[in-house]
There are 4 protein chains.
Amino acid sequence: MSDTGPPLYSELFGDAEVTAHLSSEAAVQAMLDVEVALVRAQAALDLIPRSAVAPVADAASAPHFDMRALAAEAARDGNVAIPLVRMLRQRVAAADASAATRVHHGATSQDIIDTGLVLQLSRAVPLIAGRLNEAGQRMRALAAAHVDTVMPGRTWLRQATPVTFGLTAAGWSDALGRASTGLRSALHAASVIQFGGATGTLAAFGKDGLRVAETLAALLGLRVPTLPWHAHRDRMASLACALGLVCGTLGKIARDVALLSQTEIGELSLALTGGSSTMPHKHNPVGCAVALAAATRAPGLAATMLSAMPQELERGLGGWQAEWEVMTELAQLTGGAARAMAATLGALEVHRDRMRANLDATGGANMSEAVSLALTPRLGRDAAHATVASAASRAASEGRPLVDVLRSLPEVMEHVGREVLEQLLDPTHYVGVAAELVERVLEIEEG
Amino acid sequence: MSDTGPPLYSELFGDAEVTAHLSSEAAVQAMLDVEVALVRAQAALDLIPRSAVAPVADAASAPHFDMRALAAEAARDGNVAIPLVRMLRQRVAAADASAATRVHHGATSQDIIDTGLVLQLSRAVPLIAGRLNEAGQRMRALAAAHVDTVMPGRTWLRQATPVTFGLTAAGWSDALGRASTGLRSALHAASVIQFGGATGTLAAFGKDGLRVAETLAALLGLRVPTLPWHAHRDRMASLACALGLVCGTLGKIARDVALLSQTEIGELSLALTGGSSTMPHKHNPVGCAVALAAATRAPGLAATMLSAMPQELERGLGGWQAEWEVMTELAQLTGGAARAMAATLGALEVHRDRMRANLDATGGANMSEAVSLALTPRLGRDAAHATVASAASRAASEGRPLVDVLRSLPEVMEHVGREVLEQLLDPTHYVGVAAELVERVLEIEEG
Amino acid sequence: MSDTGPPLYSELFGDAEVTAHLSSEAAVQAMLDVEVALVRAQAALDLIPRSAVAPVADAASAPHFDMRALAAEAARDGNVAIPLVRMLRQRVAAADASAATRVHHGATSQDIIDTGLVLQLSRAVPLIAGRLNEAGQRMRALAAAHVDTVMPGRTWLRQATPVTFGLTAAGWSDALGRASTGLRSALHAASVIQFGGATGTLAAFGKDGLRVAETLAALLGLRVPTLPWHAHRDRMASLACALGLVCGTLGKIARDVALLSQTEIGELSLALTGGSSTMPHKHNPVGCAVALAAATRAPGLAATMLSAMPQELERGLGGWQAEWEVMTELAQLTGGAARAMAATLGALEVHRDRMRANLDATGGANMSEAVSLALTPRLGRDAAHATVASAASRAASEGRPLVDVLRSLPEVMEHVGREVLEQLLDPTHYVGVAAELVERVLEIEEG
Amino acid sequence: MSDTGPPLYSELFGDAEVTAHLSSEAAVQAMLDVEVALVRAQAALDLIPRSAVAPVADAASAPHFDMRALAAEAARDGNVAIPLVRMLRQRVAAADASAATRVHHGATSQDIIDTGLVLQLSRAVPLIAGRLNEAGQRMRALAAAHVDTVMPGRTWLRQATPVTFGLTAAGWSDALGRASTGLRSALHAASVIQFGGATGTLAAFGKDGLRVAETLAALLGLRVPTLPWHAHRDRMASLACALGLVCGTLGKIARDVALLSQTEIGELSLALTGGSSTMPHKHNPVGCAVALAAATRAPGLAATMLSAMPQELERGLGGWQAEWEVMTELAQLTGGAARAMAATLGALEVHRDRMRANLDATGGANMSEAVSLALTPRLGRDAAHATVASAASRAASEGRPLVDVLRSLPEVMEHVGREVLEQLLDPTHYVGVAAELVERVLEIEEG
């Protein structure tokens, strides 16, 4: 059984640009980058001859490594750094035997694997943030364009008082902005090297350990943490949570879009994607499914990162290993969800007429709060609520518009006139500060 | 960035034979098998010409399909069945245009994807069960060989009353037997076709739907469920839970092995695997790490399958899609954990001398319960417990064996003689029905 | 801050009858029941005087124990069995000092806590199963009553080919039946005593351990497992998964009910429950929210049980403790979801007219598959699909019924006559074997 | 079955001070505080008579409310705010009928429940942070006191190169500092009111909505968010993740303490807590079990909060309800873990002699890296590694100290003298920059 070709769903659930930094080959290259930087750092500090750098740098190119052999040997050695270092030394030794002895000096597998992963994420996550930014811009454009587009608000999946589509889109943008900020912040906090040698003391470097660490970090564009963090995994787990929060936020937006584009609601639709294999009339919200799938999978992956935290002493036995595939999978899914929702929002069509028709379809029932509030000063709160509830119930059971029933009630008409009642039941008059709220979002985002 | 080569950790965390049935290519082949069987079933029932079968069967070979194109088109169509059917039709049409129109007739993408996954699992899971069987046999051999090998029991990671290594191994075997039985049973329950057409009515077949279903299932070696199960995912989720229970059980055994092979305990060791990249003296319990990593990851994956269950009406939007990669990942991890622990148990070395030395190291403290029970009839339970607790505390703080302290206590010596005390403190006399319990396990497993 | 009164949401998310067996007091009583049975078992075997039984049995009544003191002392001792045994001994000693020394002899805390929990679950879970049975009966009644009630099938939340409401309800019943069977089966498997003494050897009973175990189990209505299972937690984790599967199944049904009772769909409605605090016209699907909340929480709780499985050697340090509140919480949530959905199904109103109106609202678009299949023999599959897809697209954009557009197409009308087209677009003619499938479910359930 | 008394494990797994703010009664009081502030805010803005404030404030005291009735009515209404508002109005009306009509005006249940929860957390979380601070101070004291206390480093649970206990404690402190900072930051971000009325527009206040919101927030000591966040749950989910990260970090520390205090390792011990119900010599690390139990449970709870994020439109159906008990449970568990580990660290005894004895027990094997590095310049890296690996293997199999074997090897002794070898094998000379790393942690924390 050959294994050429990408995973079947890598493009559906991923984002090709993000995934490129999270592939097996990208992982190998990142680890090699760390090994090269480590030799370079020691040379820069004159701890080893500068002549050692070039042979190592020349050899450290991922496409030259046999991925199948790496996978096989990783299974025996327990991680991929051990065979990778072995192969790298062999490649370097073919050119310069002395330089080969400098490879991986003073480092442990975990230094290379963890720092390599940090490098990968520091390359991949900004691309995800870029997709979120793209989606956010589209949302703000929708919010601005639809600041006055009234639609039914829906709680418990039932029509409630009206909102505007601008407010809905502004809410999406506001939440996605927070998720994006959180993601950038967690990436920043995690952008530190892991460098401690076998047990975190950098003992192989004698007293030079911290100088090597500082140079290494500078070469990689990362920072030096206060301490090596080998068995303290909070930075990675925190980044996993931030990715999970992005997926959750995109999932909420996806669910809204999917619900609003149901056949019977039809307030949103999508430029055509996702045909059916049998039904000619179907065009499915594929992007929403991708984001909701990511929102369904991300919690388990983030929880795995949290579960893996209590790692034993100076190196985890099981917990650390559990992280390796989980972090990249989570970042890939987040990238895919971001790509899918950026595309979905780009293809979104807003149907004002359906929004209005749906508002009107309840014959004013969704405006009952407004009527009740207007009657409260006259009837008292409880009687007002009871009067309107009974009218709404009658309207529903008789299939009549609420306005008709209300007009037939003397206790209502003696307090509010025909015209006031009309106005009370007009949803465009009952969206409160929706426009101001949209404005607040647009201002902040531009600031 | 090329993506040739297997995932870096596919061999460490997987089992090559199991993974072979869970790869992208295996998924494609399984779906093609379903399409072929569907044509064959209709032909067998004379619903379509028998001549349609050969061209479809000939074309339905996974290696002929462009995996990269499938992945790309799945991203647009929302699942891989849509482009796969399109490509299959094209391939068939090249040979026989009429046969091509028979492909996928009456089925929906979900029929093909779900039934294909069931086929894959029905091929992969028995291999996992085979590995578990291998591990179980080794455990039972260890239980039989060490039925009288006394070692410290440990609760809260502290020495408690003694056990035997035979009892420990029998406990592992007993638990793994349950997990394995549960896995086979969940696989059996899940070995049904999904076949319902667009919304579960098999409408495209008129009144022939159930006959086609029965023939299709028979051809695939699966059963027909009472109803199509498109949006009812309990069978898959239940199988995921069964896989999770296997991982948890293997993880418990792995944790025990890792703890008992700590440098300072040394009661177990492993034939050499897992060298260190820097420390020449290290040989790491790689298999235990693999199983513990699986036990750390499996709960999140099983939870994802449970979370995905509330799928919308006749087809899930997000939930179903979330399952696709999760089920195969979970099965792969379970396969890897089973393989790793079968190997670990095969390489296990048991050090009776260290077990005995560790028992003796506490100077009898771990036998305090026995002494306390012996004193109870004379002193009353509370006084007996207090006397021994105070002696144990003194022994610990003074670094003396408990037996010495007890011998110095008149309230003890007037009730139990020197010899009885000696016997009370002999761990080999205080393992209760351990041997009978081992026997119970060995009998059942052979039965 | 006093803590009298039940948790605020115990009734919303629970079922009072189920919760009664899962409360703190019920836990204490169950542990006391185990202690009494242990004394009784030894007396029955003449290992201790029969006179010890009555004083212990008399003292072992939960209402006599100070729950606040128990909670406080459990925090110091690390579990509740230690202070409970202490208090029980004191209470017994007040009546019979000798009997007091028999209390808890040979057992360890884990024996009492685990077996107590098994007792609680063996009392609570059958009540949950009873609720599921109640819900299932209602579903089967709905399936029978609506075997011919045609409604839109919906995939991706969009209208697809028609189904019947009978088929929908039969699918619910079928899935819930499996979940219920799985729950009973997992409970049966878990209905074993945990009884091993300090480390599982029953050493304190010498060679009588297994006889005591058998008598103890018989007195409690439980079985003796092959081995003590102290650190092998699969039976509990498996029961947790079974509870999770029930919640997931109920959640799927709840989601369907909620979606079908949306304002704009209105195919189902609920007898009035769940008013709004401000909106007089709102009646919310509270039962669906309860079940969906349980389906959202259960996966994390089941995952916790799986995560806790790799417990250390003869007693877990952290993992075991993690289970205590989780199992009862999960059982309570499942009980609440079962109660809520039984009530919801009992209050369900089915609106055939709205189902039909919704079917008709797409002007036949949801019947496009039928038309396409009818044209396939004439036009070939691809041309047939393309013709209907283009017609559906035109119908949608022009706001016309599909039938009108189709009638205007010569390539259609030359192959299917006006009447045939009419019939093809009649959803009641396109529900395949829906009625047979309903029948299969009804037969099995009655069998 | 009565339900008086606290949950059995509330004190073991909780912190009484933290729990006091998370109890049912505290929840009710927080919601009442919001209702009072809402009336007060409107009075302050002269939207309602100031005379309405006192009657509402007087009535809004949790102890006056019947918790049992609230729980029962919440089950019918779907949340607790609805019956609470009803009861509050009744209580107010008894004193002032007009004031009663002002209660809850313009708010929806979610405003009260969400803002009430924020209030509760803003009271409870700082107490947790205080416990973390307490634990952190103890860790820094340990780090300072043991900056030169050499002990075995351990990777894969095997001895590796030496570390210092100061470094271990500094690593704990560093990680806990980050977790604590993250918790405070997530609490700050979440300290906003939820206030939007039925669907987030504040429509009932006309154009005054934002002014009311600002006054309400100021009265409650919270901030006004850009937008109402009813169905956007990221702030709560993010706080849940921060709590999960605290539990994970405490769990890692607990695991280290538990491992280092194993009978056979004995490098740490705890002042006596946690006796055994049967074994007089046992003193169990209860605090570690509490923290590890929290670390086992928190991931599932945090995952639940992430899973619940995709909430429908203007109010979640199932997702929102799922959060209610989960957030308080997670905060309680975190409080308990923080309390338990603060106490555990306060009771920690460090045994330098055992650390040294354990280091020496391997006969220098854990120093093999140092010897290998010293030989590398002479023998080349591979030969050096192979020489030492073979010597270590021989030493292990023959039960001799590594130093003896090395001394017998001419290829070693010709390169390193007897004295240098001695020094190379002295662990106190091989802890690299451990002291500097401790210093870095101590400086930062004091800064």
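Residues numbered from 1 in each chain as written. Chains lettered and ligands numbered in written order. Predicted model: local features only at pLDDT ≥ 70, side-chain atom pairs only at ≥ 80, totals over all residues. Heavy atoms only, no water.

So, on to the overall build of chain A. A count of helices and strands for chain A gives 20 helices and four strands. Against the 2.2 N^0.38 benchmark of 22 Å for 447 residues, chain A shows a C-alpha radius of gyration of 30 Å, more extended than a compact globule. Once the C-alpha set of chain A is aligned to its principal axes, its extents read approximately 100 × 50 × 35 Å. By the burial criterion, 67% of the 447 residues in chain A qualify as buried. Taking the contacts inside chain A whose residues are at least 6 apart along the sequence as the reference set, 75% of them involve residues at least 24 apart. Working note: accessible area of chain A is about 13,100 Å², and carbon and sulfur atoms make up 52% of it. (Helix = DSSP H or I, 4+ residues; strand = E, 2+ residues; numbered from the N terminus. Rg over C-alpha atoms; globule rule 2.2 N^0.38 Å. Buried < 20%, exposed > 50% of the residue type's maximum accessible area, 1.4 Å probe, protein only. Contact = heavy atoms within 4.5 Å. Areas by Shrake-Rupley, 256 points an atom, 1.4 Å probe, with all protein chains shown as cover.)

Before going further, it helps to examine the relation of the copies chain D and chain C. When chain D is fitted onto chain C, the two copies agree to an RMSD of 0.0 Å after a turn of 180 degrees and an axial shift of 0.0 Å. Viewed as a symmetry operation, the transformation between the two copies matches a two-fold axis. Of every C-alpha in chain D, the one belonging to Gly 300 of chain D sits nearest the axis of rotation, 2.0 Å from it. Mapped onto chain C, 100% of the interface residues of chain D are again interface residues, and the two copies thus contact each other with one and the same surface. (Least-squares fit on C-alpha atoms with pLDDT ≥ 70 in both.)

Expressed as a screw transformation, the operator carrying chain C onto chain B has a rotation angle of 180 degrees and an axial translation of 0.0 Å, and the superposed copies differ by an RMSD of 0.0 Å. Taken together, the interface assignments show that 100% of the residues at the interface of chain C recur at the interface of chain B, consistent with an identical surface on both copies.

Before going further, it helps to examine the packing of helix H11 (residues 234–260) of chain A against helix H13 (residues 319–346) of chain A. All names here are of chain A. Where H11 meets H13, the axes come as close as 10 Å, and the angle between the chain directions of the two elements is 30 degrees. It follows from the interaxial angle that H11 and H13 lie roughly parallel. With respect to the hand of their crossing, H11 and H13 are arranged in left-handed fashion. In this structure, H11 contributes Met 236, Leu 239, Ala 240, Leu 243, Val 246, Cys 247, Leu 250, Ile 253, Ala 254 and Val 257 to the contact, and H13 contributes Met 327, Leu 330, Ala 331, Thr 334, Ala 337, Ala 338, Met 341 and Thr 344. For the contact of H11 with H13, the residue count by class is 16 nonpolar, two polar and no charged. (Axes fitted to C-alpha atoms, helices over the stretch in contact; angles between N-to-C directions. Parallel < 35°, antiparallel > 145°, perpendicular 65-115°, else oblique. Left-handed = near helix turned anticlockwise from the far one by under 90°. Nonpolar A, V, L, I, M, F, W, Y, C, P; charged D, E, K, R; others polar.)

Let us look at the confidence of the model for chain A. Averaged over every residue, the pLDDT of chain A is 93; residues scoring 70 or more account for 96%. Quick note on the complex model: pTM equals 0.96, ipTM equals 0.95. (pLDDT = per-residue confidence, 0-100.)

Let us now look at the pattern of salt bridges. Following the criterion strictly, the structure yields 97 salt bridges over all chains and no others. Residue Arg 297 of chain C is joined to Glu 325 of chain D by a salt bridge in which the shortest nitrogen-to-oxygen separation is 2.9 Å. Taken together, the positions of Arg 297 of chain C in helix H11 (residues 286–307) and Glu 325 of chain D in helix H12 (residues 319–346) put the pair across two chains. One continuous salt-bridge network, built from bridges that share partners, spans Glu 73, Arg 76, Asp 77 and Arg 86 of chain A. (Salt bridge = Lys/Arg side-chain N within 4 Å of Asp/Glu carboxyl O.)

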